There are 2 protein chains.
Amino acid sequence: MFDVFKRPAARLEVPRLKPRRTPDASLRVNLAELTPEPVSYLGQAAYIQLAAFEALARALMLAPSVGAKEALGPASGSALEKHQRLVVELRKLVDDPAVIMASFAPAIDEYAAVIRGADWYESLASVYLTAGILDDFFILLSAGIDGDAGQKAARIIEADSGRHVIETLLADAIAEDATMGSRLALWGRRLVGDTLLLARSAIHHSGNVRTDEQRIEPVFTELIAKHSRRMDGLGLTA
Amino acid sequence: MFDVFKRPAARLEVPRLKPRRTPDASLRVNLAELTPEPVSYLGQAAYIQLAAFEALARALMLAPSVGAKEALGPASGSALEKHQRLVVELRKLVDDPAVIMASFAPAIDEYAAVIRGADWYESLASVYLTAGILDDFFILLSAGIDGDAGQKAARIIEADSGRHVIETLLADAIAEDATMGSRLALWGRRLVGDTLLLARSAIHHSGNVRTDEQRIEPVFTELIAKHSRRMDGLGLTA
């Protein structure tokens with residue numbers, strides 16, 4: 001079985017040099033096959049935004065200065081608002097969105113604990129990089145949702161995340177501490193495996209492992225390529 | 001020197017039976033004398049909303065169910081938004097609001113640690129009761145601010161806090177656990193002293209201790225009366 005987590009790190013770097021583009025026709029077909037039911041999709045997307053909110057609010061609380069707290073306020077507010085807007089969409093389909101989200105909460109909470117990081121800087125890098133991957137993933141998946149729920153969800157997730165300030169907060173720390181860059185680069189590479197594992201758990205499986213993996217591979221290649229660009233943006237070697 | 005913290009608890013209950021009303025003329029005069037400069041006022045009011053956001057976000061993170069997380073989302077968002085709107089007002093008066101807030105941060109952070117509570121229920125009671133007292137206090141003080149900054153701040157602080165859900169969350173817990181009510185009642189009474197101490201640190205002192213205390217006393221009587229009503233609303237003996 002294809003297992004992205006056992007690939008050597010070097011393999012993950014390859015897509016970094018590919019030009020970025022919107023999903024092509026064959027990728028769209030793959031995504032349509034991989035996309036879960038709208039209720040599952042929205043429940044997971046909504047709870048993942050809530051997890052991002054919690055990570056950002058925690059980073060705000062632990063920030064070393066009032067200025068850094070202020071910088072993280074809009075990102076926290078944006079993740080909470082995206083969560084709430086996705087819950088509004090979910091409530092159009094089910095009576096109690098919390099029940100749907102609760103079924104995904106243990107896995108996402110466990111993931112959130114794994115990616116929390118050892119200190120404030122690792123936590124910041126985590127939320128910047130992992131929320132980036134997961135937003136990309138749920139935006140890609142949205143193309144496979146029937147009706148307008150997918151398009152609405154994509155518009156919600158695509159709205160400004162406010163996380164760009166993390167680039168500045170981390171750049172300052174990397175400039176001041178020579179070991180920070182290599183530590184965060186290592187951490188950023190480690191995050192990919194757990195994040196793609198969470199993404200993998202969100203997709204619809206046909207039961208045909210070979211077909212599923214053939215469909216998943218180009219999606220993950222796309223996600224890894226975009227992750228590498230975010231690593232570059234932070235000045236970290238992907 | 002008048003010291004509200006050394007009064008017996010029974011004294012604090014008296015104003016509970018007084019009818020509620022808007023500040024009368026003599027209270028308005030007192031407030032005008034007690035009110036700090038607009039920059040100090042807005043800096044403290046803004047940072048206190050940020051502290052409420054942090055307390056609410058922490059309660060959301062530690063909530064025992066997804067339903068309880070959902071219930072606390074709007075309150076978290078409201079406190080963050082009020083903070084951000086007060087910072088906008090502060091930025092009209094100073095270049096760097098974070099510098100102003102940073103001067104008040106140590107005292108407010110220390111206060112936030114003291115009122116955090118031993119578990120989720122005490123934390124919920126804390127943020128409900130203390131944010132209630134502090135919102136009342138800053139709304140009262142706003143009447144003494146020159147120009148429109150005070151009126152704007154009052155409108156921001158008065159907007160729906162979303163904290164009413166805490167009444168339900170605590171009522172459920174009190175109904176299920178016979179000792180919870182008496183424990184939270186004790187905790188709710190304890191919070192008053194530290195909160196009024198923080199409020200006291202926010203006011204303008206004339207240098208005449210006797211005059212200042214005469215002005216502060218009716219304000220604190222008003223705050224304690226409203227606190228007692230919130231305790232009643234939670235089903236706790238004030």
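Keep in mind that what you see is a predicted model, and the values were worked out from it rather than measured.

Help me out: how do you make sense of the overall build of chain A in this one?
A tally of regular secondary structure across chain A gives 10 helices and 0 strands. Counting all 238 residues of chain A, 47% fall into the buried class. Residue pairs at least 24 apart in sequence account for 79% of intrachain contacts in chain A once pairs closer than 6 positions are excluded.

Looking at this model, I keep getting lost on the relation of the copies chain B and chain A. Mind explaining?
Each copy of the sequence occupies a distinct position, and chain B is placed on chain A by a rotation of 180° and an axial shift of 0.0 Å, giving an RMSD of 0.0 Å. Accordingly, the operation relating the two chain copies is best matched by a two-fold axis. Residue by residue, 100% of the interface of chain B is reproduced at the interface of chain A, so both copies engage with the same surface.

Any chance you could explain helix H3 (residues 38-61) of chain A here in plain terms?
Along an α-helix, a turn takes 3.6 residues, which lines up residues three or four apart on a common side. Helix length check: H3 of chain A (24 residues) gives 34 Å between terminal C-alpha atoms against 34 Å at 1.5 Å per residue, within 8%. For H3 of chain A, the buried fraction is high: 22 of the 24 residues fall into the buried class.

Would you mind going over the environment of leucine 186 of chain A with me for this structure?
Among the structural elements, leucine 186 of chain A can be located in helix H9 (residues 178-202). Taking the C-alpha atoms as reference points, leucine 186 of chain A and arginine 163 of chain A, 23 residues apart in sequence, are found 21 Å from one another.

Looking at this structure, I do not really get the interface of chain B and chain A. What am I missing?
Often, the extent of an interface is quoted as the loss of accessible area on bringing the components together. At the junction of the two partners, chain B supplies 19 residues and chain A supplies 19 residues. Mapped onto the side of chain B that touches chain A, the elements with two or more residues apiece are helix H3 (38-61), helix H4 (66-91) and helix H5 (97-114) of chain B. Tallied by class, the residues present in the side of chain B that touches chain A amount to 9 nonpolar, 6 polar and 4 charged.

Looking at this structure, I do not really get the environment of glutamate 217 of chain B. What am I missing?
The topology assignment puts glutamate 217 of chain B in helix H10 (residues 209-233). Taking C-alpha positions, glutamate 217 of chain B is 9.8 Å from leucine 27 of chain B, a pair spaced 190 residues apart along the chain.

So what exactly am I meant to see when it comes to the environment of alanine 51 of chain A here?
Residues and elements named next belong to chain A. In this fold, alanine 51 is placed in helix H3. A C-alpha to C-alpha distance of 9.3 Å links alanine 51 and valine 127, two positions 76 residues apart in sequence. Setting aside residues no more than four positions away along its own chain, alanine 51 makes contact with Ile108 and Ala112.

Before we go on, may I ask you to explain helix H7 (residues 149-158) of chain B in this structure?
For H7 of chain B, the complete set of buried residues consists of Gly150, Ala153, Ile156 and Ile157 of chain B. Angular distribution of buried residues about the axis of H7 of chain B spans 125°; they occupy a single face of the element.

Whenever I open this one, the confidence of the model for chain A confuses me. Can you help?
Atomic detail in the predicted coordinates should be set aside for any region of low pLDDT. All names here are of chain A. The share of residues in chain A with pLDDT of 70 or more is 89%, and the mean pLDDT across the chain is 89. The model gives residues 1-21 a pLDDT under 50, and that stretch makes 22 contacts with residues more than four places away or in other chains. Interface scoring of the predicted complex returns ipTM 0.87; its pTM is 0.88.

Hey, could you run me through the packing of helix H6 (residues 120-142) of chain B against helix H8 (residues 165-176) of chain B in this one?
Geometrically, a packed helix pair is captured by the angle between its two axes and the distance between the axes. Residue and element names in this part refer to chain B. Axis separation between H6 and H8 bottoms out at 10 Å; the angle between their running directions is 145°. Read as a crossing pair, H6 and H8 show a hand that is left-handed. Two secondary-structure elements touch here, H6 through Tyr121, Leu124, Ala125 and Tyr128 and H8 through Ile166, Leu169, Leu170 and Ala173. Looking at the contact of H6 with H8 residue by residue, the classes come out as 8 nonpolar, no polar and no charged.

Would you explain the packing of H3 of chain A against helix H5 (residues 97-114) of chain A in this entry?
Residues and elements named next belong to chain A. At a closest axis distance of 8 Å, the pairing of H3 and H5 adopts a crossing angle of 50°. One element, H3, and the other, H5, form an angle in the oblique class. As for how H3 packs across H5, the hand of that crossing is right-handed. Residues Val39, Gly43, Gln44, Ala46, Tyr47, Ile48, Ala51, Glu54 and Ala55 of H3 touch H5, and the partners they reach there are Pro97, Ile100, Met101, Phe104, Ala105, Ile108 and Ala112. Tallied by class, residues from the contact of H3 with H5 come to 13 nonpolar, 2 polar and 1 charged.

Cut-offs applied
- Residues numbered from 1 in each chain as written.
- Chains lettered and ligands numbered in written order.
- Predicted model: local features only at pLDDT ≥ 70, side-chain atom pairs only at ≥ 80, totals over all residues.
- Helix = DSSP H or I, 4+ residues; strand = E, 2+ residues; numbered from the N terminus.
- Buried ≥ 20, exposed ≤ 12 C-beta atoms within 10 Å, placed from the backbone.
- Contact = placed C-beta atoms within 7 Å.
- Least-squares fit on C-alpha atoms with pLDDT ≥ 70 in both.
- Expected span 1.5 Å × (residues − 1).
- Nonpolar A, V, L, I, M, F, W, Y, C, P; charged D, E, K, R; others polar.
- Arc of directions from axis to C-beta.
- pLDDT = per-residue confidence, 0-100.
- Axes fitted to C-alpha atoms, helices over the stretch in contact; angles between N-to-C directions.
- Left-handed = near helix turned anticlockwise from the far one by under 90°.
- Parallel < 35°, antiparallel > 145°, perpendicular 65-115°, else oblique.

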